[in-house]
Amino acid sequence: QVQLVESGGGLVQAGDSLRLSCAASGRTFSKISMGWFRQAPGKEREFVAASGWSRSMTNYADSVKGRFTISRDNAKNTIYLQMNSLKPEDTAVYLCAANSIGPYDYPGVYEYWGQGTQVTVSS
């Protein structure tokens, strides 16, 4: 019902910025909640940020609060993750996810997932 495609990853140095994009299709954009997760090699999938469309609510992981910002452009059916002051520990595959419930911080409630985009931060 929902297809998600991420883009914008790359190789950067510590302190640099990146903006990730996630294009959604297959459902009215305003009716779903969206989240960003990341998965580093050998680690569990980790919550990064989420946005609830119906209530304009946002949540952030403590590790990225103050550095990352989630936003959306409903006209383009796209959400973004602006990542500033990147650190080597931010290195991971970043995945976009969607659900019809709310901006929860755990992956189990997300029904739809993109394939991910690699972010690598060197020191």
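For the structure itself, consult the block above.
Because the structure is a prediction, the values reported are computed rather than measured.

*Asks:* What is the right way to read the overall build of the chain from this model?
*Replies:* In terms of helices and strands, the chain carries zero helices and 11 strands. Ordered by position from the N terminus, the helices and strands of the chain form the series β-β-β-β-β-β-β-β-β-β-β. Against the compact-globule benchmark of 14 Å for 123 residues, the chain has a radius of gyration of 13 Å, which places it among compact chains. Dimensions of the chain, computed from C-alpha atoms along their principal axes, come out at roughly 40 × 25 × 25 Å. Pairs at least 24 residues apart make up 56% of the contacts formed inside the chain by residues separated by at least 6 positions. Of the accessible surface of the chain, which amounts to about 6,300 Å², a share of 46% is contributed by carbon and sulfur atoms. Positive and negative side-chain charges in the chain, numbering 12 and 10 respectively, have mean positions lying 7 Å apart.

*Asks:* Just checking my understanding: could you explain the sheet that holds strand β3 (residues 18-25) for this structure?
*Replies:* Strand pairing in a sheet is mediated by backbone hydrogen bonds. Such pairs are either parallel or antiparallel. Spatially, β1-β3-β8-β7 is the arrangement adopted by the four strands of the open sheet, whose pairing is antiparallel. Because the sheet does not close on itself, it has two edges, and the strands there are β1 (3-7) and β7 (68-73). Between one strand axis and the next, the sheet turns by 20° as a mean value, whatever way the strands run. Looking at chain direction, β3 and strand β8 (residues 78-83) are connected through six bridges and run antiparallel.

*Asks:* Explain the side chain of S33 here, please?
*Replies:* Along the polypeptide, S33 turns up in strand β4 (residues 33-39). Since its relative accessible area comes to 6%, S33 is described here as buried. In this structure S33 touches S51, G52, W53, A97, A98, N99, I101, G102 and P103, once residues within four positions along its chain are discounted.

*Asks:* In this structure, what is going on with the state of the cysteines? I would like to understand it.
*Replies:* Disulfides are covalent bonds that connect the sulfur atoms of two cysteines. In total, this model carries one disulfide according to the counting rule given. A disulfide bridge connects C22 with C96, and the sulfur atoms are separated by 2.1 Å. A torsion of -80° about the S-S bond marks the disulfide between C22 and C96 as left-handed. Highlighted residues: C22 in strand β3 and C96 in strand β9 (residues 92-99), separated in sequence by 74 residues. Accessibility classification places C22 together with C96 in one group, the buried group.

Basis of the calculations
- Residues numbered from 1 in each chain as written.
- Predicted model: local features only at pLDDT ≥ 70, side-chain atom pairs only at ≥ 80, totals over all residues.
- Heavy atoms only, no water.
- Helix = DSSP H or I, 4+ residues; strand = E, 2+ residues; numbered from the N terminus.
- Rg over C-alpha atoms; globule rule 2.2 N^0.38 Å.
- Contact = heavy atoms within 4.5 Å.
- Areas by Shrake-Rupley, 256 points an atom, 1.4 Å probe, with all protein chains shown as cover.
- Lys, Arg positive; Asp, Glu negative; His and termini not counted.
- Charge placed at Lys NZ, Arg CZ, Asp CG, Glu CD.
- Pairing = 2+ DSSP bridges.
- Axes fitted to C-alpha atoms, helices over the stretch in contact; angles between N-to-C directions.
- Buried < 20%, exposed > 50% of the residue type's maximum accessible area, 1.4 Å probe, protein only.
- Disulfide = S-S within 2.5 Å.

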